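Below are the chains, spelled out letter by letter.
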Amino acid sequence: MHVTMRRAWLIGFQLLICNYDTCNNYDRRCALSNHPLLWLQNAPYLCRKDGITLQCPHVKESSSLWENPYSATTSWKPCAERHEGIISDLPAENSTNGYVFIHAEGGLNQQRIAICNAVAVAKIMNVTLILPVLKQDQIWKDQTKFEDIFDVDHFIDYLKYDVRIVRDIPEWFTDKAELFTSIRRTVKNIPKYAPAQFYIDNVLPRVKEKKIMALKPFVDRLGYDNVPQEINRLRCRVNYHALKFLPEIENMADLLVSRMRNRTGSSNPFMALHLRFEKGMVGLSFCDFVGTRMEKALMAIYRMKEWPRRFKDGSHLWALALQKRKEGRCPLEPGEVAVMLRAMGYPKETQIYVASGQVYGGQNRMAPLRNMFPNLVTKEELAAKLELDGFRKHVTSLAALDFLVCLKSDVFVMTHGGNFAKLIIGHRRYMGHRLKSIKPDKGLMSKSLGDPYMGWSTFVEDVIVTHQTRTGLPEETFPNYDIWENPLTPCMCRT
């Protein structure tokens with residue numbers, strides 16, 4: 001069975017020869033495709049391939065193609081904003097329990113989460129927060145400062161009733177280097193997803209004693225359902241209201257959105273696609289993908305070099321790859337995304353903005369997607385080089401442009417997990433569940449595309465029915481839920 005599935009997977013996207021004529025009707029040869037001996041020649045669940053061009057049958061557009069049904073999106077409203085005129089419960093400045101300082105590590109979105117958590121932790125302990133430092137990313141070598149990307153004045157002012165925030169280490173603390181290097185000034189034993197009580201019992205006493213303490217590492221160091229609801233609401237207030245990008249970033253993103261909406265000469269909706277298929281993501285996934293023997297050999301060498309403990313001798317990797325694909329834990333390939341979108345009913349004319357790093361396999365890997373959806377562009381294609389030059393000195397600024405365009409798109413489609421996708425989906429839910437955010441069922445895609453007897457009409461029905469509940473609609477939270485992807489209960493109120 002595994003051999004059959006493997007052949008279906010590896011051969012399927014290379015052949016793609018279920019034939020349809022130019023009018024999108026079935027070719028007569030497809031009438032024979034249900035015969036078990038002919039599936040390799042007429043794989044009916046895939047599409048016709050002309051050179052590098054895929055042609056899938058037409059699927060009727062549904063009324064909810066570009067937005068979620070109105071009736072399903074009107075029961076909740078955002079309610080984490082600051083309320084004017086409230087009396088702050090902050091103590092006097094000279095009554096603070098001390099100061100905390102954090103390094104926000106990782107890329108833009110991981111840093112964003114760390115900043116939200118830092119504000120929440122400062123509130124829990126009733127301490128003053130020193131403006132977080134964005135730690136240099138080891139992959140991009142980016143040295144963006146907080147003020148290079150976010151509006152500091154707005155950040156401090158918006159949260160002034162919740163937490164006291166200062167721009168820099170107090171002047172009376174003269175040995176600033178000690179805060180960065182001394183273990184005496186660092187709390188390092190904070191467990192992942194720690195409850196609020198942990199900070200009160202274990203961190204606050206050290207802050208009171210030393211007056212200023214650094215917390216590191218500070219990635220995912222605060223839980224979700226083990227902290228008070230008002231703390232989770234504060235995190236939403238930071239994420240959705242206090243953290244604003246600089247005006248020049250916001251303005252450039254608005255310009256890109258405007259260009260996407262007017263690419264046809266008149267107003268048109270557009271889709272934003274977050275394509276996670278960079279070399280590092282492909283390697284780290286340890287999944288198997290369509291490719292030549294040379295590509296697979298080079299990927300094996302890359303994995304062995306980067307993740308030697310996971311690679312070992314490589315003998316276990318094929319079984320691992322099969323299991324991960326079956327469980328829907330592999331990134332979708334561009335060709336798979338193309339077939340899925342066509343099955344959902346998106347036509348060839350769909351305008352698609354692609355937020356992505358350098359796709360593994362380059363243009364050859366992108367060809368099935370680009371040829372099925374030719375109106376596919378990146379920010380580099382939408383904007384002149386001169387317009388983007390001012391943002392290139394900080395990679396984080398370029399990531400912020402992608403973030404905002406995806407946030408403001410009519411439809412957002414993710415292809416793999418990660419902080420970027422879950423922050424976008426969560427933010428769009430908070431803005432109103434009418435905005436469609438598609439989270440593909442990769443397990444279904446793997447099962448369907450690996451089934452040699454799956455007909456196109458059955459595939460379409462499965463994709464449409466399964467994804468009716470995966471479009472960013474209201475969804476009740478559950479234990480250990482992720483507040484960034486689903487802010488419903490703590491941060492939204494019933495209408």
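Residues numbered from 1 in each chain as written. Predicted model: local features only at pLDDT ≥ 70, side-chain atom pairs only at ≥ 80, totals over all residues. Heavy atoms only, no water.

Asker: I tried to follow the overall build of the protein on my own but got confused; where do I start?
Answerer: When helices and strands are counted, the protein shows 21 helices and 15 strands. Here the protein holds 495 residues, and the buried ones make up 53% of them. A separation of at least 24 residues holds for 79% of the contacts in the protein among residues at least 6 apart in sequence. Carbon and sulfur atoms make up 53% of the accessible area of the protein, which amounts to about 22,900 Å² in all. (Helix = DSSP H or I, 4+ residues; strand = E, 2+ residues; numbered from the N terminus. Buried < 20%, exposed > 50% of the residue type's maximum accessible area, 1.4 Å probe, protein only. Contact = heavy atoms within 4.5 Å. Areas by Shrake-Rupley, 256 points an atom, 1.4 Å probe, with all protein chains shown as cover.)

Asker: Any chance you could explain the sheet that holds strand 10 (residues 271–274) here in plain terms?
Answerer: Consider a sheet: its strands pair through backbone hydrogen bonds, and that pairing is either parallel or antiparallel. The strand order 12-11-10-13-14 describes an open sheet built from five strands, whose pairing is parallel. Lying at the two open borders of the sheet, with one neighbouring strand each, are strand 12 (376–377) and strand 14 (436–438). In terms of strand pairing, strand 11 (residues 352–355) meets strand 12 through two bridges, oriented parallel. From the neighbouring strand, Tyr 353 faces strand 12, where its bridge partner is Val 377. Each of strand 10, strand 13 (411–414) and strand 14 touches helix 18 (residues 419–431); the most contacted strand, strand 13, lies at about 150 degrees to it. (Pairing = 2+ DSSP bridges. Axes fitted to C-alpha atoms, helices over the stretch in contact; angles between N-to-C directions.)

Asker: Sorry if this is basic, but what is going on with helix 19 (residues 442–449) here?
Answerer: Count 3.6 residues to each turn of an α-helix, and residues three or four apart come out pointing the same way. The buried fraction of helix 19 amounts to seven of the eight residues, a majority that puts the element mostly inside the structure. Among all positions of helix 19, only Lys 442, Gly 443, Leu 444, Met 445, Ser 446, Ser 448 and Leu 449 are buried. For helix 19, the N-terminal cap is Asp 441; the gap from its side-chain oxygen to the backbone nitrogen of Gly 443 is 3.2 Å. (Polar contact = N/O pair within 3.5 Å; in protein donor to acceptor, adjacent residues only side chain to side chain.)

Asker: Honestly, the pattern of salt bridges in this entry has me stumped. Any pointers?
Answerer: Scanning the model with the defined rule gives 21 salt bridges in all. In this structure, Glu 387 engages Arg 259 in a salt bridge whose closest nitrogen and oxygen atoms are separated by 2.8 Å. Here Glu 387, found in helix 16 (residues 385–392), pairs with Arg 259, found in helix 8 (residues 247–261); they are 128 residues apart in sequence, far enough to count as distant. Relative accessible area serves as the criterion here: at 27%, Arg 259 is assigned to the partly exposed category. Arg 392 is the salt-bridge partner of Asp 389, the closest N and O atoms lying 3.2 Å from each other. Highlighted residues: Asp 389 and Arg 392, both in helix 16, separated by three residues, approximately one helical turn. Overall, Arg 392 belongs to the partly exposed group, its relative accessible area being 36%. Several salt bridges share partner residues, and in doing so they unite Arg 82, Asp 157 and Lys 160 into one network. (Salt bridge = Lys/Arg side-chain N within 4 Å of Asp/Glu carboxyl O.)

Asker: What exactly am I supposed to notice about the state of the cysteines here?
Answerer: For the coordinates displayed, the defined rule picks out three disulfides. The side chain of Cys 79 participates in a disulfide bridge whose partner is Cys 493; the two sulfur atoms lie 2.0 Å from each other. Disulfide Cys 79-Cys 493: torsion about the S-S bond near 90 degrees, hence right-handed. With Cys 79 in the loop between strand 3 (76–78) and strand 4 (99–104) and Cys 493 in strand 15 (residues 492–494), this pair connects stretches of sequence that are 414 residues apart. Its relative accessible area of 13% is what places Cys 79 among the buried residues. With relative accessibility at 30%, the residue Cys 493 sits in the partly exposed group. Here Cys 287 pairs with Cys 330 through a disulfide, and the sulfurs are 2.0 Å apart. Here the S-S torsion is close to -90 degrees, and the disulfide linking Cys 287 with Cys 330 is therefore left-handed. Here Cys 287 is found in the loop between helix 9 (279–285) and helix 10 (293–306), whereas its partner Cys 330 is found in the loop between helix 12 (317–326) and helix 13 (334–344), with 43 residues between them in sequence. According to the relative accessible area criterion, Cys 287 is buried, its value standing at 2%. (Disulfide = S-S within 2.5 Å.)

Asker: Sorry if this is basic, but what is going on with the packing of aromatic side chains here?
Answerer: Here a ring pair, both rings aromatic, is described through the centre-centre distance and the interplanar angle of the planes. As enumerated under the stated definition, the model contains 15 aromatic pairs in all. Seen in terms of ring centroids, Trp 172 and Phe 173 are 6.2 Å apart; in terms of plane orientation they differ by 90 degrees. Their pairing is edge-to-face. Owing to a relative accessible area of 51%, Trp 172 belongs among the exposed residues under this scheme. Among the residues examined, Phe 173 registers a relative accessible area of 7% and is labelled buried. Judged by centre distance (6.0 Å) and plane angle (85 degrees), the ring pair of Phe 198 and Tyr 199 falls under edge-to-face. The exposure classification of Phe 198 matches that of Tyr 199, with both residues buried. By the ring-pair criterion, three or more aromatic residues cluster together here, those being Phe 146, Phe 150, Phe 155, Phe 245, Phe 403 and Phe 420. When the ring centre of Tyr 302 is taken as origin, the NZ or CZ atom of Lys 279, which lies over that ring, is 4.4 Å away. In this arrangement the basic side chain of Arg 342 is found over the ring face of Phe 373, its NZ or CZ atom lying 5.0 Å from the centre. (Phe/Tyr/Trp six-rings, centres within 6.5 Å; stacked < 30°, edge-to-face > 60°. Lys NZ or Arg CZ within 6 Å of the ring centre and 35° of its normal.)

Asker: Mind showing me how you'd approach the side chain of Asn 486 here?
Answerer: Residue placement: Asn 486 occurs in the loop between helix 20 (456–466) and helix 21 (488–491). Under the relative-accessibility criterion, Asn 486 is labelled buried at 6%. When sequence neighbours within four positions are dropped, the list of residues in contact with Asn 486 reads Arg 429, Glu 475, Glu 476, Thr 477 and Tyr 481.

Asker: Which parts of the structure should I look at to understand the nonpolar core?
Answerer: Soluble globular proteins: nonpolar side chains tend toward being buried together. Among the nonpolar cores identified, the biggest contains 91 residues, and Phe 155 and Tyr 199 are the most heavily contacted of them. Per-element accounting of this core gives the leading share, twelve residues, to helix 2 (residues 108–125). The residues contacting Phe 155, other than those within four sequence positions of it, are Ile 115, Val 119, Leu 131, Phe 146, Ile 165, Val 238, Ala 242 and Leu 243. Membership of the second largest hydrophobic core comes to 41 residues, among which are Val 59, Phe 277, Val 354 and Phe 373. (Core = buried A, V, L, I, M, F, W, Y, C linked by side-chain atoms within 4.5 Å.)

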